[in-house]
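# Close look at the chain arrangement
Spelled out, the chains give:
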2 protein chains.
Amino acid sequence: MTDTRFDVLCIGNAIFDVLASVEEDFLVAEGLTKGSMRLVDAEESLRLYGRIGAAVRIPGGCAGNTASGVGSLGGRAAFVGKVAADELGDAYGHDMRGAGIHFATPALKNGAPTARSIILITPDGERTMNTYLGACQELGPSDVDSATVEAAAITYLEGYLWDPPAAKEAFRRASDVAHAAGRRVAITLSDSFCVDRWRPEFLSLLRTGTVDTLFANEHELKALYETADLDTAMAAVREDAGLAIVTLGAAGSMAVTRDETHHVRAHPVDKVVDLTGAGDLFASGFLTGLARGLPLPDCARLGGIAAAECIGHVGPRPQAKLADLARQDGFEI
Amino acid sequence: MTDTRFDVLCIGNAIFDVLASVEEDFLVAEGLTKGSMRLVDAEESLRLYGRIGAAVRIPGGCAGNTASGVGSLGGRAAFVGKVAADELGDAYGHDMRGAGIHFATPALKNGAPTARSIILITPDGERTMNTYLGACQELGPSDVDSATVEAAAITYLEGYLWDPPAAKEAFRRASDVAHAAGRRVAITLSDSFCVDRWRPEFLSLLRTGTVDTLFANEHELKALYETADLDTAMAAVREDAGLAIVTLGAAGSMAVTRDETHHVRAHPVDKVVDLTGAGDLFASGFLTGLARGLPLPDCARLGGIAAAECIGHVGPRPQAKLADLARQDGFEI
């Protein structure tokens, strides 16, 4: 195994979040399931956009958020994702590169626009997502640069990549290249609805060793094994994954291998403002620690620090310099 | 004087704010004057954009912020400003209309892009603005719809409109139409650098009665009369303007006519987070009260409520429903 140029390469859907506040009635009138992510076409995205009030627009997407966390922690991050050659795409790329993240995926020309997710925030703080995948549909194997994959200690893929058809091939190709170079390949299950859509394929990815490291929250893990019992799901994932990291909200996280079980408590949070991105940022900390060879409990602590910062403000990307927060707890990245 | 369809018509530069954090060294290296607004061309705007990190993009512009405040207070607001037919321009219009503001200015096609101001935030919270006027340069008299001006109790203009040459004519035309319909015409001086650029013209606007109501903060008023003494400036403006409203930060505000002087204390603020937009939002409250015929001290109180909300969060537009806050203090708009 040669030296790494990147700690973590994140591959995912490059999505601009468009956040707007709505009343509960709005979800009812639109027939939407609160807290879910649904995929919509361009027409439906535009129609919904026309019905919401003033919006906040910020670069998002699970893997993109994770990359920004790795960078903020002082890790070396790369990102692969497909934007279009339009204003949203330019802004997405600007902010990635501005955060020190290597991002060289060619923008799509003369095709669909940059992906956007209209995120409806109800007064209870819940978020209901309506995602138009746009240019993300065109992410293909040719967008995965072998040299970048080989140069990354960990390649991290989001489960949502299973939605756009061409991305699956990109995903498999990245895994092959990474494993051939002796690297680690991780996946996040993204959300429990995503698990429902792709359960057999996700299980196959684990059981064939296409991915060796799994990130999931409690709901996603239970959905994967179709059980209401966490212990049952934990026992199953211990068999299927080389390493599984399961986040438990305020109860912290578990990191398990076939032989080891680590439970790490959650990092204290002053005030829960917005949970969006907490899982993505937890992954950023854990992955950064893992890439640097830290013991699993320390990886989980680093994840907890990043998640806690994210929970304390609106928006899925860090506002404070995570490296400074990590240093206060004795971590030097 | 016939019935009004709008309480306040705001005319100004339609600008997207692009906010990014920088270190003090950055301003030094760029040779920028901290706290100032400078006008830049497209090339310089792009160059600077390439040097900043991840950014926050939000619709801004003084008069646009004021219109959003009027709407949030439950007033009927209209806005005239020039965006381009591009993604930023679409987003600007979407958010204006989404906030219930009448906004019908045709977007510029095949010309300069939508205006943007790159706002550099230093660790001390100061903001240094670099504004590319883009499509705003093309706002002209034909964009001012007479029927809208006639239907508004108050037409409110921002001093920054003096920067793009064609806007001056739009400005004068709006004033003529408004006064012919027996309406009030107000102006804000925008900032003290703007006053330095256009002092003789601003004084002439007041002295010829082209505008009858003036909004200024202490620095702008002193700059207008080239004096370091506030009392001297207040005595002068009392002669020049039918009504002058001078904001004094934590010391509240003064509203003066030739015969009256009202000093109203500032609304309490829990925590000063970001002063951007405080003056614009103060104006929104004052103007809404004025349009509804409230006594001047009540107008100032309503302004204070709107400004206090704005100061409590990042960004120049209200996050809470200002009408609810005003109601807590006994105001029914």
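Attention here is on the structure that accompanies the text. (Residues numbered from 1 in each chain as written. Chains lettered and ligands numbered in written order. Predicted model: local features only at pLDDT ≥ 70, side-chain atom pairs only at ≥ 80, totals over all residues.)

### A word on the overall build of chain A
Along its length, chain A carries 12 helices and 14 strands. Relative to the compact-globule value of 20 Å for 333 residues, chain A shows a C-alpha radius of gyration of 18 Å, a close match. Each of the three principal axes of chain A carries a C-alpha extent, and together these read 50 × 40 × 40 Å. Taking the intrachain contacts of chain A between residues at least 6 apart in sequence as the baseline, contacts between residues at least 24 apart amount to 75%. (Helix = DSSP H or I, 4+ residues; strand = E, 2+ residues; numbered from the N terminus. Rg over C-alpha atoms; globule rule 2.2 N^0.38 Å. Contact = placed C-beta atoms within 7 Å.)

### A word on the relation of the copies chain A and chain B
Between the two copies of the chain lies a relationship made up of a rotation around an axis and a movement along it. For these two chains of identical sequence, chain A goes onto chain B by a turn of 180° and a shift of 0.0 Å along the axis, with RMSD 0.0 Å. Here the transformation between the copies is reduced to the relation of a two-fold axis. Ranked by how close their C-alpha atoms come to the rotation axis, the residues of chain A are headed by E87(A), at 3.1 Å. Mapped onto chain B, 100% of the interface residues of chain A are again interface residues, and the two copies thus contact each other with one and the same surface. (Least-squares fit on C-alpha atoms with pLDDT ≥ 70 in both.)

### What about the environment of L88(B)?
In this structure, L88(B) sits in helix α4 (residues 87-98). Linking L88(B) and G303(B), residues 215 residues apart in sequence, is a C-alpha distance of 29 Å. Other than its neighbours up to four places away in sequence, L88(B) contacts E87(A), F16(B), P113(B), T114(B) and R116(B).

### Here's the deal with the interface of chain A and chain B
The partner chain B presents 14 residues to the 14 residues of chain A that form the contact. Here the side of chain A that touches chain B gets six residues from one element, more than from any other, and that element is helix α4 (residues 87-98) of chain A.

### Description of the packing of helix α3 (residues 62-72) of chain A against helix α10 (residues 278-291) of chain A
Residue and element names in this part refer to chain A. For the pair α3 and α10, interaxial distance at closest approach is 8 Å and the crossing angle is 50°. Relative to α10, α3 is oriented oblique. When you trace α3 past α10, the crossing you get is right-handed. On α10, the residues that touch C62, N65, T66, G69 and V70 of α3 are D280, L281, A283, S284, G285, L287 and T288. When the residues that make up the contact of α3 with α10 are grouped by side-chain class, the tally is five nonpolar, six polar and one charged. (Axes fitted to C-alpha atoms, helices over the stretch in contact; angles between N-to-C directions. Parallel < 35°, antiparallel > 145°, perpendicular 65-115°, else oblique. Left-handed = near helix turned anticlockwise from the far one by under 90°. Nonpolar A, V, L, I, M, F, W, Y, C, P; charged D, E, K, R; others polar.)

### Structural notes on the sheet that holds strand β5 (residues 77-80) of chain B
The strand order across the open sheet formed by nine strands is β6-β5-β1-β9-β10-β11-β12-β13-β14 (chain B), and the pairing between neighbours is mixed. Two strands lie at the open edges of the sheet, namely β6 (102-103) and β14 (261-264) of chain B, each paired on one side alone. (Pairing = 2+ DSSP bridges.)

### Describing the sheet that holds strand β10 (residues 184-188) of chain A
Note on sheets: strands pair through backbone hydrogen bonds, and any given pair is parallel or antiparallel. Residues and elements named next belong to chain A. Pairing is mixed in the open sheet, where nine strands are placed in the order β6-β5-β1-β9-β10-β11-β12-β13-β14. Looking along the sheet, the strands with just one partner apiece sit at the ends: β6 (102-103) and β14 (261-264). Bridge analysis of β10 against strand β11 (residues 213-217) gives three bridges, and the strand direction is parallel. Bridging across to β11, A186 finds its partner in T213. Helix-sheet contacts for helix α11 (residues 296-311) involve β13 (253-256) and β14, and the interaxial angle to β14 is about 30°.

### So, unusual backbone geometry
Residues and elements named next belong to chain A. We note that N110 has phi near 55°; this positive angle belongs to a residue other than glycine. Mapped onto the elements, N110 comes out in the loop between β6 and β7 (115-121). For E226, which is not glycine, the phi torsion reads 50° and is therefore positive. For E226, the position within the fold is in the loop between α8 (218-224) and α9 (230-240).

Shape is all these values report; function is a separate question.
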